[in-house]
Amino acid sequence: MYNGVLPPTFAARQRTLAAITRLTAPMYRTHTCNELRLSDVGKTVTLSGWVAASRDLGGLTFIDLRDRYGITQLVFDMEDNAPLCERARRLGREYVIQASGIVRERANKNPNRDTGDIEVQVAELVVLNPAKTPPFTIVDDTDGGDDLRMKYRYLDLRRPCLQKNLLFRSRLSLETRQYLAAQGFVEIETPFLIKSTPEGARDFVVPSRMNRGQFYALPQSPQTFKQILMVAGYDRYFQIVRCFRDEDLRADRQPEFTQIDCEMAFVHQEDVLQTFEGLTRYLFQTLLGVDLGPFPRMTYDEALRRFGSDKPDLRFGMEFCDLTALARGKGFAAFDQAESVLAICAPGCASYSRRQIDELTEWVRRPQIGAGGLAYVRYDTDDSVKSSVDRYYSGEELRHWLHHCQAKPGDLLLILAGPTEKTQKQLSELRLEMGARLQLRPPNVFKPLWVLDFPLLEWDEEEGRFFAMHHPFTSPKAADIPKMSSQDHQVLKSIRADAYDLVINGVEIGGGSIRIHDRELQSRNFRLLGFTAEEAEAQFGFLLGAFEYGAPPHGGIAFGFDRLCAVMNGAASIRDFIAFPKNNQGRDVMIDAPDVLRPKQLEELGICIAQRADEPKQ
Ligand code: ASP
């Protein structure tokens, strides 16, 4: 009897649906390619799918039939039906076929496959669609290069590893919805055609035909809308939503990406942290069976001091050790003049050869890292100490450094010096590199961390003004509000915000803040960021206006959904978790976008494109 719930197996589902709809039309399949087991032996079945591989053994032809559920072996027997076997031999890779026959027990079982105990002895074969030979093999370990796979993404997406990733992503969004809905969150869609704002990254813009000369922008995030929804009284909002940022691309960046975007009214920071720690723990538990335990917390200042980064990877130690005071005043100019002399202690690396150390020195000198040089102190297992700076420092002094950094015999101190911020960044990169080289960053170990108390403002040398470190709607900590009237840059830099990031394994998974909900304070913040009253009104007048009609205290967070997928699977790039990603030039090579517009379209949009001298004439 149908009670509104469909049964879990494919075959039973088909029967139930056929009973409801009274459909008598023939079915393409009775089972999927991952459904048949020993208990089905003797049944007559029909399967449909793609030819993944075929093996011709003379008297017998075997075909691996693939669909997204798995693979089932089909067997064609020359003695049994020679013409059919001949036809099977001619099937090419990736042909779409339908095969009917009887399930039988396999002589040679394949324990690595769910259907490995059985095979289908085929009596009827229909070619539903032939296929050209694919330009690369449709297996996890494919021979296809990146460009080729992106061009034929539909073939790439047939590969089991990518199917696994996209199914994971689908489950992750379902579970996210499940959890948030159970916590009273309401899913509300916000517009994609909005208005360009000068803050944040560069906007993608869309010309408006009906408003000649005017442009929409695609949202970098639904930030202002979700705050407006709090003013509108929805209390708890979420959306799994696409965001757009026109930035130069890196391996873990895409011009369009997905966020789990949330906002809550009548909350303090603690409420937001607990709710989203709960979501994260639930997702790891449900999808991976991993209990993350309570998340440690660290202030931004502490994270920088201990790891040189606001997103430290806590899977391993190698914390920073400050040698500035010990290293100064002994005549070594590079250290004497440095604002900071910082070290990490690489465990067990005292055995590094001269060449290995030279290679590390080259590594930190590359423009991507930009260090001037690398000093070391080697603490050998025989208790001797050797250093690249032993001309300036006595054995006793170097031992003092080792002691200060809690080095053990067999360890190697790696030391960088220079302006504090820069040196922290460089040493943080070196720490991650050493962590990777020493295999201290296993992909299946997960170390979450809340980073709290971010600065409100960040000084931009080039533009000569302050920017909001998170965004302009972030609330300063109540105790620091008086500092907002200071003219002193150092004081302004020291204003802390109620802003927080969730970091897992050194990747920023989420970030959010408690928001300003008071018009006056918001206007003050805009002034600090260099907006005139008119500019603030023109850009964000709607929000300032809304704050005058009963805005509740509120705050929220957004998780990078693609990144969360990648981190949960121990993958470095988000691309393998996005069905149709862009390449490094921001292009979709399958559909060949972006593309030029026809002159008529441009004319309708009132856009005139100046031809560059070096461009071929259209
Ligand atoms: N809108 C912010 C972002 O996209 C997140 C937040 O503050 O909720 O990073």
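In case you missed it, the structure is sitting above this.
Here the structure is a predicted model, which is why all the values come from computation and not from measurement. (Residues numbered from 1 in each chain as written. Predicted model: local features only at pLDDT ≥ 70, side-chain atom pairs only at ≥ 80, totals over all residues. Heavy atoms only, no water.)

Taken together, 13 residues sit near the ligand, with Gln223, Lys226, His470, His471 and Arg515 positioned nearest. At 2.9 Å from an oxygen atom of the ligand is found a side-chain nitrogen or oxygen belonging to histidine 471. Relative to its free-state accessible area of 270 Å², the ligand is covered by the protein chains to the extent of 88%. Elements with a contribution of two residues or more to the shell around the ligand: helix H6 (223–231), strand S21 (507–514) and strand S22 (554–560). Looking at the shell around the ligand, the element that brings in the most residues is S22, giving three residues. Looking at the shell around the ligand residue by residue, the class counts come to two nonpolar, eight polar and three charged. (Near = heavy atom within 4 Å. Polar contact = N/O pair within 3.5 Å; in protein donor to acceptor, adjacent residues only side chain to side chain. Areas by Shrake-Rupley, 256 points an atom, 1.4 Å probe, with all protein chains shown as cover. Helix = DSSP H or I, 4+ residues; strand = E, 2+ residues; numbered from the N terminus. Nonpolar A, V, L, I, M, F, W, Y, C, P; charged D, E, K, R; others polar.)

What the five strands build is a closed barrel, ordered S1-S2-S3-S5-S4; its pairing is mixed. Here the average twist between neighbouring strands, direction ignored, is 55°. In the sheet, strand S2 (residues 60–67) pairs with strand S3 (residues 70–77) via eight bridges, with the strands oriented antiparallel. Across the sheet, the residue bridging to phenylalanine 62 is valine 75, located in S3. (Pairing = 2+ DSSP bridges. Axes fitted to C-alpha atoms, helices over the stretch in contact; angles between N-to-C directions.)

Moving on to the pairing of strand S1 (residues 44–56). Examined bridge by bridge, S1 and strand S4 (residues 96–105) share seven bridges and lie antiparallel to one another. Bridging from a neighbouring strand, tryptophan 50 pairs with valine 96 of S4. Where S1 lies against S2, six bridges are found, and the strand directions are antiparallel. Within the sheet, the bridge partner assigned to tryptophan 50 lies in S2 and is arginine 66. A loop of three residues connects S1 with S2, the two strands running antiparallel in sequence, and glycine 58 in this loop sits at a positive phi of about 80°.

Before going further, it helps to examine unusual backbone geometry. Here the bond from alanine 593 into proline 594 is cis, since omega is 0°, no more than 30 degrees from zero. Relative to the helices and strands, proline 594 is located in the loop between helix H17 (561–568) and helix H18 (599–605). With a phi close to 50°, methionine 318 is a non-glycine residue in the positive phi region. In this fold, methionine 318 is placed in the loop between helix H8 (300–307) and strand S12 (321–322). Since its relative accessible area comes to 10%, methionine 318 is described here as buried. In this structure, asparagine 505 takes a positive phi of about 50° despite not being glycine. Within the secondary structure layout, asparagine 505 lies in the loop between strand S20 (499–504) and S21. When its relative accessible area of 6% is taken as the criterion, asparagine 505 is described as buried. (Buried < 20%, exposed > 50% of the residue type's maximum accessible area, 1.4 Å probe, protein only.)

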